[in-house]
Amino acid sequence: FPAAQRKLAVECSRKIQPGSPLWEEWQKAAASLTASGVGIGTFMSPCEKAVQSTILKKGGSLIVLLPQGISSYWHPSAEMEVFCAKGRILYLTPFAFDPAHASAGELYKRCHAGGGLKEIMAKIACNIPSPPRE
């Protein structure tokens, strides 16, 4: 990504509720991104999904870290596939796909491991400060 792009490492816990001050802070951070902005995260919690939606509406791009791995038959939803085709979403995973499906506890651990990865990726160039986590 060009150095001029702003990057936001997104990590909102499931505890952050719609309308709360933290929810609003995350939405404000996402809305501050322009078409050259990039959000990086697992986008698993409701708050993260709302941030993802805001970033896409603003014309920005996403790097989505998938904690469940990527199987050979996986594909994004039809809506997200369009963004992929336009080069606005990149799906990555540091985890091997397990056809037995990871447990909720394992996915939780992977989300936190992915959080460290997204922080590193965001800090490589022009990171903007993330709102506080709960």
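For the structure, see preceding data.
In this text, all values refer to a predicted model and were calculated from it rather than measured experimentally. (Residues numbered from 1 in each chain as written. Predicted model: local features only at pLDDT ≥ 70, side-chain atom pairs only at ≥ 80, totals over all residues. Heavy atoms only, no water.)

Engineer: Before we move on, can you summarise the overall build of the protein with the specific residues and values?
Structural biologist: A tally of helices and strands in the protein yields four helices and four strands. Listing each helix as α and each strand as β along the protein from the N terminus yields β-α-β-α-β-α-β-α. Out of the 134 residues belonging to the protein, those deemed buried represent 44%. Excluding contacts between residues fewer than 6 apart, the proportion of contacts in the protein whose partners are at least 24 apart in sequence is 70%. By element, 61% of the accessible surface of the protein is carried by carbon and sulfur atoms, the whole surface being about 7300 Å². (Helix = DSSP H or I, 4+ residues; strand = E, 2+ residues; numbered from the N terminus. Buried < 20%, exposed > 50% of the residue type's maximum accessible area, 1.4 Å probe, protein only. Contact = heavy atoms within 4.5 Å. Areas by Shrake-Rupley, 256 points an atom, 1.4 Å probe, with all protein chains shown as cover.)

Engineer: For the pairing of strand E3 (residues 61-65), give the residues involved together with the corresponding values.
Structural biologist: A regular strand places its side chains on the two faces of the sheet in alternate fashion. E3 sits mainly inside the fold: five of its five residues count as buried. A two-sided burial pattern is seen for E3, the buried positions comprising Ser61, Ile63 and Leu65 on one face and Leu62 and Val64 on the other. Inspection of the sheet shows strand E2 (residues 38-41) paired to E3 by four bridges, in the parallel sense. By the bridge assignment for E3, Gly39 is matched with Leu62. (Pairing = 2+ DSSP bridges.)

Engineer: Explain helix H2 (residues 46-57) to me, using residue names and the numbers behind them.
Structural biologist: Its twelve residues place the ends of H2 17 Å apart at the C-alpha level, agreeing with the 16 Å of an ideal helix rising 1.5 Å per residue. The complete set of buried residues in H2 reads Cys47, Glu48, Ala50, Val51, Gln52, Thr54, Ile55 and Leu56. Gly59 sits one or two residues past H2 and shows a positive phi near 90°. (Expected span 1.5 Å × (residues − 1).)

Engineer: Account for helix H1 (residues 21-31), naming residues and giving values.
Structural biologist: Along an α-helix, residues three or four apart share an orientation, since each turn contains 3.6 residues. Within the span of H1, buried status applies to Leu22, Trp23, Trp26, Gln27, Ala29 and Ala30. Down the axis, H1 shows its buried residues gathered within 160° of arc, on one side only. Residues of H1 that are exposed and angled more than 90 degrees away from the buried face: Pro21 and Lys28. Residues of H1 that are buried make contact with strand E1 (7-9) and H2. (Arc of directions from axis to C-beta.)

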